[in-house]
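So you can see what is in the structure, the chains are spelled out below.
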Amino acid sequence: MKQGFSEKIWTKSFISISLTQFLLFTVFYALMTTLPLFVISDLGETETKAGLVATFMLATAILIRPFSAKIIDRYGKKNILFLAVFAYLLATVLYIFVDAFTPLAIVRLFHGLSFGIVTTVTGAIVADIIPASRRGEAMGYFAMSNSIAMVIGPFIGLGLIHYIAFRGLFIVLSVFMVVAVVSSLMIDAKKLAPRHNISGPIRLSDMFDKNALPISLISVLVGIAYGSILSFVPVYAESLSLAHASSYFFLVYAFVMVLSRPYLGRLFDQKGPRFVLLPSLAVFAIGLFVLSGTHSVFVFMLAAVLIGLGYGTVLPGFQTVIVQQAGVNRSSQAFSTFFTCYDLGIGAGSFLWGAVSSAYGFSNMYLSSGLSIVLAAIMFDMYLVRMKKRVNKTK
């Protein structure tokens with residue numbers, strides 16, 4: 001026990017991969033929340049096209065992700081990490097030269113390819129370099145790099161555009177990615193599992209897991225709703241003359257999510273998914289309904305608290321359920337299934353809500369987004385009932 005605890009988590013490689021992940025997602029969230037404003041204000045396009053900026057990136061990320069495991073095994077984790085991070089840097093630099101919507105769409109498609117691969121390889125590297133006796137603790141620390149980036153990215157992006165032009169923001173984000181490339185090179189390749197010379201065609205079972213499919217399909221609805229948060233909160237805030245509060249929305253939202261996650265995670269283990277996830281879906285929906293009716297900073301921040309509390313529990317809870325259903329040996333296929341569906345939901349949602357907001361306004365858009373979570377809760381309850389009947393039959 002003492003020996004296991006003495007095994008180091010915070011090695012040079014672990015710090016490097018965590019820093020790389022943090023910088024990648026800081027840039028991701030900064031762009032996700034500011035590019036819709038760039039499309040509308042600088043490029044003079046509609047809200048519908050603003051919604052497409054997320055859809056384009058996530059489309060190629062979804063297409064490449066199922067094949068990324070085989071690419072990583074064939075060419076090696078550190079090699080693929082460097083190439084993917086460098087491609088991510090190149091994509092970030094290209095935003096500086098964008099002056100029309102079509103070039104922006106091409107950059108987003110290219111950016112999505114690097115994003116789909118890099119988000120797969122970082123997790124694979126962490127699994128190799130952390131001590132098995134402290135895996136849960138170490139994965140928790142690693143996940144925090146994403147949670148903190150969720151705060152820092154929108155805060156930096158939405159904060160900077162009040163003082164500098166969008167091209168200035170893209171230059172700052174490019175500097176972040178230069179640091180990420182350097183950080184990715186500092187990982188000790190000797191600590192990584194050797195690559196495999198895998199040949200032959202990829203089977204469907206190599207990419208997806210059927211036991212994870214029901215929850216993954218429900219996650220499409222969650223992703224659709226979350227797309228309205230990622231893509232349109234800053235634009236919505238500006239339409240309400242609350243632009244100064246939009247960066248603080250994500251700060252409050254992420255703070256509540258990080259604060260509540262450990263307690264609700266333990267409650268999930270003790271009481272089960274129904275006790276925790278159904279109320280969380282309800283809180284998420286209520287937060288979106290509150291957001292649809294906001295006209296003041298107080299109500300705007302109240303919506304951030306409710307959405308952070310609800311969504312912050314739903315996503316890791318769903319991931320726990322799919323691992324339980326698929327089994328640890330099929331966890332990579334389970335996560336591939338889940339995130340392919342979830343990203344599909346975010347991409348579809350960003351496009352859908354752009355069209356809805358253009359036709360019916362942002363208030364009705366968030367009302368509809370809340371209804372999609374209500375539908376997700378109903379489907380999840382039906383899934384739990386079916387699983388309970390299946391367990392009872394096997395007894």
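**Q** Honestly, the overall build of the chain in this entry has me stumped. Any pointers?
**A** The helix and strand tally for the chain stands at 14 helices and zero strands. Starting at the N terminus, the α and β elements of the chain follow one another as α-α-α-α-α-α-α-α-α-α-α-α-α-α. Burial status across the chain gives 52% buried among its 395 residues. Considering only contacts in the chain between residues 6 or more positions apart, those separated by 24 or more positions represent 85%. Accessible area for the chain stands at about 17,500 Å²; split by element, carbon and sulfur atoms hold 68% of it.

**Q** Just checking my understanding: could you explain the packing of helix α9 (residues 213–239) against helix α11 (residues 273–292) for this structure?
**A** Each packed pair of helices is defined by two parameters, the angle between the axes and the distance between the axes. For the pair α9 and α11, interaxial distance at closest approach is 12 Å and the crossing angle is 30°. Viewed along their axes, α9 and α11 adopt a mutual orientation that is roughly parallel. In this structure, α9 crosses over α11, and the sense of that crossing is left-handed. Contacts from Val222, Ala225, Ser228, Ile229, Val233 and Tyr236 of α9 reach α11 at Leu281, Phe284, Leu288, Leu291 and Ser292. Looking at the contact of α9 with α11 residue by residue, the class counts come to nine nonpolar, two polar and no charged.

**Q** Help me understand a nonpolar patch on the surface in this model?
**A** A cluster of nonpolar side chains, contributed by Leu19, Ile171, Val175 and Val179, occupies part of the molecular surface with about 310 Å² of accessible area. Here the nonpolar patch takes three residues from helix α7 (residues 166–184), the largest share from any one element. For Val175, the location among the structural elements is in helix α7. Looking at Val175, the relative accessible area reads 48%, which means it is partly exposed.

**Q** Whenever I open this one, the environment of Thr320 confuses me. Can you help?
**A** With respect to the element layout, Thr320 can be found in helix α12 (residues 297–326). You can call Thr320 partly exposed: its relative accessible area is 31%. Here the alpha-carbon distance between Thr320 and Phe268, two residues 52 residues apart in the chain, equals 9.4 Å.

**Q** Where do I start with the side chain of Ser183 in this structure?
**A** For Ser183, the position within the fold is in helix α7. Setting aside its immediate chain neighbours within four residues, Ser183 contacts Ser16, Leu19 and Thr20.

**Q** Would you explain α11 in this entry?
**A** Along an α-helix, residues three or four apart share an orientation, since each turn contains 3.6 residues. Over its 20 residues, α11 runs 28 Å from end to end, which matches the ideal 28 Å to within 8%, given 1.5 Å per residue. Within α11, the full set of buried residues consists of Val276, Leu277, Leu278, Ser280, Leu281, Phe284, Ala285, Gly287, Leu288, Leu291 and Ser292.

**Q** Help me understand the packing of aromatic side chains in this model?
**A** In this description, an aromatic ring pair is defined by two values, namely the gap between the centres and the angle between the planes. The tally for this structure, following the rule as stated, stands at 25 aromatic pairs. When the ring of Phe38 is compared with that of Phe170, the centres are 5.4 Å apart and the planes differ by 85°; the resulting orientation is edge-to-face. Within this pair, whereas Phe38 is found in helix α2 (residues 12–41), its partner Phe170 is found in helix α7, the two being separated by 132 residues in sequence. The exposure class of Phe170 is buried, given its relative accessible area of 1%. Ring geometry for Phe338 and Tyr342: centres 6.1 Å apart, planes at 10°, overall stacked. Placement of the pair is Phe338 and Tyr342 together in helix α13 (residues 331–360), with a separation of four residues, close to one helical turn. Using a relative accessible area of 0% as the deciding quantity, one classes Phe338 as buried. We classify Tyr342 as buried; its relative accessible area is 4%. An aromatic cluster is built from Tyr226, Phe249, Tyr253, Phe284, Phe300 and Tyr311, whose rings are joined through pairwise contacts. The cationic tip of Lys271 hangs over the ring face of Phe275; the distance from NZ or CZ to the ring centre is 5.6 Å.

**Q** What should I look at first to understand the pattern of salt bridges in this one?
**A** One side chain can pair with another of opposite charge once the charged atoms of both are near each other. Applying the stated rule across the entire model yields three salt bridges. Where Glu45 meets Lys49, a salt bridge forms, and the shortest distance between an N and an O atom there is 3.5 Å. Residue classification places Lys49 among the partly exposed residues on the basis of a relative accessible area of 31%. A salt bridge links Asp381 to Arg274; the nearest nitrogen and oxygen atoms lie 2.5 Å apart. Of this pair, Asp381 sits in helix α14 (residues 362–394) while Arg274 sits in helix α11, placing them 107 residues apart in sequence. On the basis of relative accessible area, Asp381 is assigned to the partly exposed category, the value being 28%.

**Q** Explain the environment of Ser246 to me, please; I cannot follow it from the model alone.
**A** On the secondary structure map, Ser246 appears in helix α10 (residues 246–271). Taking relative accessible area as the criterion, Ser246 reaches 4% and is therefore assigned buried.

Here is what the cut-offs are and how they apply
Residues numbered from 1 in each chain as written. Predicted model: local features only at pLDDT ≥ 70, side-chain atom pairs only at ≥ 80, totals over all residues. Heavy atoms only, no water. Helix = DSSP H or I, 4+ residues; strand = E, 2+ residues; numbered from the N terminus. Buried < 20%, exposed > 50% of the residue type's maximum accessible area, 1.4 Å probe, protein only. Contact = heavy atoms within 4.5 Å. Areas by Shrake-Rupley, 256 points an atom, 1.4 Å probe, with all protein chains shown as cover. Axes fitted to C-alpha atoms, helices over the stretch in contact; angles between N-to-C directions. Parallel < 35°, antiparallel > 145°, perpendicular 65-115°, else oblique. Left-handed = near helix turned anticlockwise from the far one by under 90°. Nonpolar A, V, L, I, M, F, W, Y, C, P; charged D, E, K, R; others polar. Patch = residues over 30% accessible without salt bridge, like charges linked within 9 Å, V, L, I, M, F, W, Y side chains within 5 Å. Salt bridge = Lys/Arg side-chain N within 4 Å of Asp/Glu carboxyl O. Expected span 1.5 Å × (residues − 1). Phe/Tyr/Trp six-rings, centres within 6.5 Å; stacked < 30°, edge-to-face > 60°. Lys NZ or Arg CZ within 6 Å of the ring centre and 35° of its normal.

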